[in-house]
Amino acid sequence: MTAADIAALVQGELVGCATVEIRSGQTLEKAGPDQLAFWQRKHETELLPSTNAGCVVVDPETPAESRTMIRVRDPRRAFARALRAIIGTGQVESGIDPSASVDAAATLGAGVAVGPLAVVERGASIGEGCVIGAHAYVGPGAILGSDCRLHCGARVHGTSRLGDRVVLHSGAVVGSDGFGLVFEDDHYENFPQVGGVQIGDDVEIGANSCVDRGALDDTRIGAGTKLDNLVHIGHNCQIGRHVVMAAQVGLSGGVVVEDYAVLAGQVGIGDRARVGARVQLGGQAGLLPDKQLEAGGSYWGTPARPLKEQLVRQALANRLPELVKELKRLRARVEELEAS
Amino acid sequence: MTAADIAALVQGELVGCATVEIRSGQTLEKAGPDQLAFWQRKHETELLPSTNAGCVVVDPETPAESRTMIRVRDPRRAFARALRAIIGTGQVESGIDPSASVDAAATLGAGVAVGPLAVVERGASIGEGCVIGAHAYVGPGAILGSDCRLHCGARVHGTSRLGDRVVLHSGAVVGSDGFGLVFEDDHYENFPQVGGVQIGDDVEIGANSCVDRGALDDTRIGAGTKLDNLVHIGHNCQIGRHVVMAAQVGLSGGVVVEDYAVLAGQVGIGDRARVGARVQLGGQAGLLPDKQLEAGGSYWGTPARPLKEQLVRQALANRLPELVKELKRLRARVEELEAS
Amino acid sequence: MTAADIAALVQGELVGCATVEIRSGQTLEKAGPDQLAFWQRKHETELLPSTNAGCVVVDPETPAESRTMIRVRDPRRAFARALRAIIGTGQVESGIDPSASVDAAATLGAGVAVGPLAVVERGASIGEGCVIGAHAYVGPGAILGSDCRLHCGARVHGTSRLGDRVVLHSGAVVGSDGFGLVFEDDHYENFPQVGGVQIGDDVEIGANSCVDRGALDDTRIGAGTKLDNLVHIGHNCQIGRHVVMAAQVGLSGGVVVEDYAVLAGQVGIGDRARVGARVQLGGQAGLLPDKQLEAGGSYWGTPARPLKEQLVRQALANRLPELVKELKRLRARVEELEAS
């Protein structure tokens, strides 16, 4: 793509050479003459003059220099959009690798690619354009929409139904048994785990993350939701649309997370708790079982509290040594008064 | 099974139609006429009259209605028992998938099933009735009792010995090297990890969980213990019987957890700490290295304290703003007294 | 090896029989007559007289007994060194298992072993002496130095470059996509993840741990660094040399961890934060985004503070009930003064 093509795509204002050819993207420090970079005011100022990038996406007020730039309101977003267009969807040749084990009673749509040593079990249905990576697994009766991507070693158990364009990264597991126990006299028996998993369009699940099937009813993840690596989603969780969970977040059973909520890394949520829409939960926060967080709020700590309240508590805890001293001084003054 | 069969199995009192045929289980909301459901007082009252379930397991005092019910002391437990009986053990055809790699010098008992692209290494011994799932791995010399189940991608390294009916979920790893380091001048060398893993009967290990082999001696997990997903068990841990660990719990090296302890999600335990029998540890609690928790207690927080103490601390921390104000008021009054 | 060989290797003082043959190592409790054990003052005293070990590595001042001992300054270190020499490197036969899928356009050095059902993609380059375990995966174009070891099910994606003697344990993932999102109107799009991963010599990555590729530039892990199980390293992290991270540590994007830092279990680090050289971070500590920890310090808690400060805070929090009472008493005295 040329700089002019990119400017048109991101609806930016082109300054400099319209015909410079761009083949990939890089940081300002590392970019070369056929690469796109981006610069925002929060970046260091000296980076812009010194870059060798062929074209830089910049803030609107950035003064012209003897270099090719595209002025646009949100440089990071415009850069990401341009780079997605430049690199395309990463063409994978369709066809079934001869080493893969694909059951004769599985249904594969047009243009499906199945990588080396992948397994597709009987009754599985794989929509057109899906890419099933090396060592990936699609269980008996599992249903994948179109253009899904299972990276190397990702596993979808048989009771799962995925929408379109769902991406599972390496080692992600969808549809493993939930953790339901019944105490009998002196030992635990399993509560049967016979529900499924329903995953909406454009969901992405990170490397080695786990999404358990429901106990009776299904576990659900709404369209557009993104989970990072090593996330745990317990049975019967109901995750809304466009939710974001950073790495190592853990949800117990029956948790509800409403649309557009954002959970930072290592957050833990107890059984049946509810996280309202657009809630922001700070890193390592813990929400107790059956608790609810009101929509739109920011929360932090364990137990999770409104962020402002939590910050006040921390500030006061910082003042504790001073409070102890003040109390001591005051006692001395009272003693003096008593003595007089 | 008919409603009468189920009532007999769970020793409940049948009300309504004894011959209604039940084929599976569901929630009250979703159950249909050939499905079993259950209702307890803590469920919403309106659910019971409106369900379409063919039969409902209920509390003893539930008044009769024009529907088939089974009255029993613990409806959830009775439901689970009935459903386990209805669904059976999930018959898997025995035999070795032709795509699997099974070493000639491995020993397989009667009725063993080995799934597509599984690996069984030389000298491994697999007890009768075991199911080795697709992409599962049994290392050289590993020993599995009877009726074990390795789900897709589960891995048992060569120094491990599993009892009967052990279940490893997708991606679980048993017998990986422990994390033992020795500092030499300016870098770390490994402390050799040559111990094994011993796992008792009826143990279940969740998806993508890891149990490390011992350094010299073995890591041990007692019979009936249940681990959820993404749990880490460090080298030389000694886990008792019927212990429960929720998702993302992490145990460092040499930790002892006694029988019937329950560790909630994301709990972390330091090296050589000891968790007494029947201890309950709240979510995200952290126990420091070498510390001990007395049997039978409930603990929470980091560092872990008795639950009651922890709750008092939190309540007092909530009162800090008020205490600061009170101190200020008191100082003003003392100043007034001093001036008078 | 004989006791004399071992004494020479660890530069210790041999007491007893020089010719006793040692074949492996064990704990004092379990060791037999052909096994090496070690004893340090912190071990229980009665263990030493009662052991059946053929030879024991002990502290320098340990009095001679009727047994073979090697006196040395650091018994644990000497024991580890000896045991590493005794067990050797665990010889693996070189050659490609016939069930493995190795692309014709991959380059394999001399003495490489590729296990059953492993996958090596086109353009991958594997240095001499590497062992690629069962079900392991080496992506297109990935580069491994010499003598690396990929345990069963470990996965190296195509944009990764590993140094020499790198060890990935079961299920570890290197080079999965980073977690970069761009909000567009009402949904998230991906920020393209096109960077790589660079891993130095002698790095070890634990079971089911994940190291994401960089977004544009690379994620880097310096030589000699050791990561335990279930660790998450976000995109563009820059980890120094000889860093240690215990299990379940999570690093967000762009985090810098300098040489010789030690992160205990379940520590979480926010985006772009910096951990100085030789910092010690206590278990479950949390460092907020963009924060820095000065080199050489010990820190704990969330938000992470200097350890001493944190301990003082905890001690004061313990005294809160007493402070509340003291305040009440003081108020009563002031009231009395006011009344008089």
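Residues numbered from 1 in each chain as written. Chains lettered and ligands numbered in written order. Predicted model: local features only at pLDDT ≥ 70, side-chain atom pairs only at ≥ 80, totals over all residues.

## Considering the overall build of chain A
Inference 1: Helices and strands together make up the secondary structure of chain A, namely 5 helices and 39 strands.
Inference 2: Relative to a compact globule of 340 residues, whose C-alpha radius of gyration would be 20 Å, chain A shows 27 Å and is clearly more extended.
Inference 3: Projected onto its principal axes, the C-alpha positions of chain A cover 95 × 75 × 30 Å. (Helix = DSSP H or I, 4+ residues; strand = E, 2+ residues; numbered from the N terminus. Rg over C-alpha atoms; globule rule 2.2 N^0.38 Å.)

## Some thoughts on the relation of the copies chain B and chain C
Inference 1: Rotating chain B by 120 degrees about the axis while translating it 0.0 Å along that axis superimposes it on chain C, leaving an RMSD of 0.1 Å. Both chain copies can therefore be described as sitting about a three-fold axis. (Least-squares fit on C-alpha atoms with pLDDT ≥ 70 in both.)

## A word on helix α1 (residues 3–10) of chain B
Residues and elements named next belong to chain B.
Inference 1: Residues Ala3, Ile6, Ala7 and Val10 constitute the buried set of α1. With its buried residues spanning 100 degrees around the axis, α1 presents them on a single face.
Inference 2: Close packing links the buried residues of α1 with β1 (13–15), β3 (35–38), β4 (55–58), β5 (69–71) and α3 (75–87).
Inference 3: Directly beyond the C-terminal end of α1, a positive phi value near 55 degrees is found at Gln11. (Buried ≥ 20, exposed ≤ 12 C-beta atoms within 10 Å, placed from the backbone. Arc of directions from axis to C-beta. Contact = placed C-beta atoms within 7 Å.)

## As for the interface of chain C and chain A
Buried accessible area, meaning the area lost when the parts come together, often serves as the stated size of an interface.
Inference 1: In this complex, chain C contributes 45 residues to the contact, which on the side of chain A involves 49 residues.
Inference 2: At the level of elements, β19 (173–176), β20 (181–184), β21 (187–190), α4 (307–318) and α5 (320–339) of chain C are the ones that each hand at least two residues to the side of chain C that touches chain A.
Inference 3: With 7 residues, α5 of chain C is the largest single contributor of residues to the side of chain C that touches chain A.

## Quick word on the packing of helix α5 (residues 320–339) of chain A against helix α5 (residues 320–339) of chain B
Inference 1: For the pair α5 of chain A and α5 of chain B, interaxial distance at closest approach is 10 Å and the crossing angle is 25 degrees. Our classification of the angle between α5 of chain A and α5 of chain B gives roughly parallel. In this structure, the crossing between α5 of chain A and α5 of chain B has a hand that is left-handed. On α5 of chain B, the residues that touch Leu323, Glu326, Leu327, Leu330, Arg333, Val334 and Leu337 of chain A of α5 of chain A are Val324, Leu327, Leu330, Arg331, Val334, Leu337 and Glu338 of chain B. (Axes fitted to C-alpha atoms, helices over the stretch in contact; angles between N-to-C directions. Parallel < 35°, antiparallel > 145°, perpendicular 65-115°, else oblique. Left-handed = near helix turned anticlockwise from the far one by under 90°.)

## Considering the environment of Asn229 of chain C
Inference 1: Within the element layout of this structure, Asn229 of chain C appears in the loop between β26 (226–227) and β27 (232–233).
Inference 2: On the basis of neighbour counts, which here come to 33 C-beta atoms within 10 Å, the residue Asn229 of chain C falls in the buried class.
Inference 3: The spacing of Asn229 of chain C and Gly265 of chain C is 36 residues in sequence and 9.8 Å in space, taken between C-alpha atoms.
Inference 4: Discounting residues that sit within four places of it in the chain, Asn229 of chain C has contacts with Ser176, Cys210 and His232 of chain B together with Gly206, Ala207, Asn208, Ser209 and Ala247 of chain C.

## Some points on the confidence of the model for chain A
Inference 1: Across chain A, the average pLDDT comes to 95, with 99% of residues at or above 70.
Inference 2: For this predicted complex, the interface confidence reaches an ipTM of 0.96, while the overall pTM sits at 0.96. (pLDDT = per-residue confidence, 0-100.)

## Observations concerning the interface of chain B and chain C
Inference 1: Between chain B and chain C, the contact holds 45 residues from the first and 49 residues from the second.
Inference 2: In terms of residue count, α5 of chain B provides more of the side of chain B that touches chain C than any other element does, 7 residues in total.
Inference 3: For the side of chain B that touches chain C, the class distribution of residues is 21 nonpolar, 16 polar and 8 charged. (Nonpolar A, V, L, I, M, F, W, Y, C, P; charged D, E, K, R; others polar.)

## As for the packing of helix α4 (residues 307–318) of chain A against α5 of chain B
Inference 1: Between α4 of chain A and α5 of chain B, the least distance of the axes is 10 Å, while the angle of their chain directions is 50 degrees. Taken together, α4 of chain A and α5 of chain B sit at an angle that is classed as oblique. Seen along the crossing, α4 of chain A lies across α5 of chain B with a hand that is left-handed. Contacts between α4 of chain A and α5 of chain B involve Val312, Arg313 and Leu316 of chain A on the former and, on the latter, Leu320, Pro321 and Val324 of chain B.
Inference 2: A class-by-class count of the residues in the contact of α4 of chain A with α5 of chain B yields 5 nonpolar, no polar and 1 charged.

## What to know about the sheet that holds β27 of chain C
Residue and element names in this part refer to chain C.
Inference 1: The strand order across the open sheet built from 10 strands is β7-β10-β13-β16-β19-β24-β27-β30-β33-β36, with neighbouring strands paired in parallel fashion. The outermost strands of the open sheet, each flanked by one partner alone, are β7 (101–102) and β36 (286–287).
Inference 2: Bridge count between strand β10 (residues 119–120) and strand β13 (residues 137–138): 2 bridges; the pairing is parallel. By the bridge assignment, Val119 is partnered in β13 with Tyr137. (Pairing = 2+ DSSP bridges.)

## A look at the nonpolar core
Inference 1: Residues Ile132 and Leu263 of chain A, Ile132 and Leu263 of chain B together with Ile132 and Leu263 of chain C are the most contacted members of the largest nonpolar core, which totals 225 residues.
Inference 2: Discounting residues that sit within four places of it in the chain, Ile132 of chain C has contacts with Ala113, Val114, Gly115, Ala118, Val120, Ile126, Val138 and Leu150 of chain C. (Core = buried A, V, L, I, M, F, W, Y, C linked by C-beta atoms within 7 Å.)

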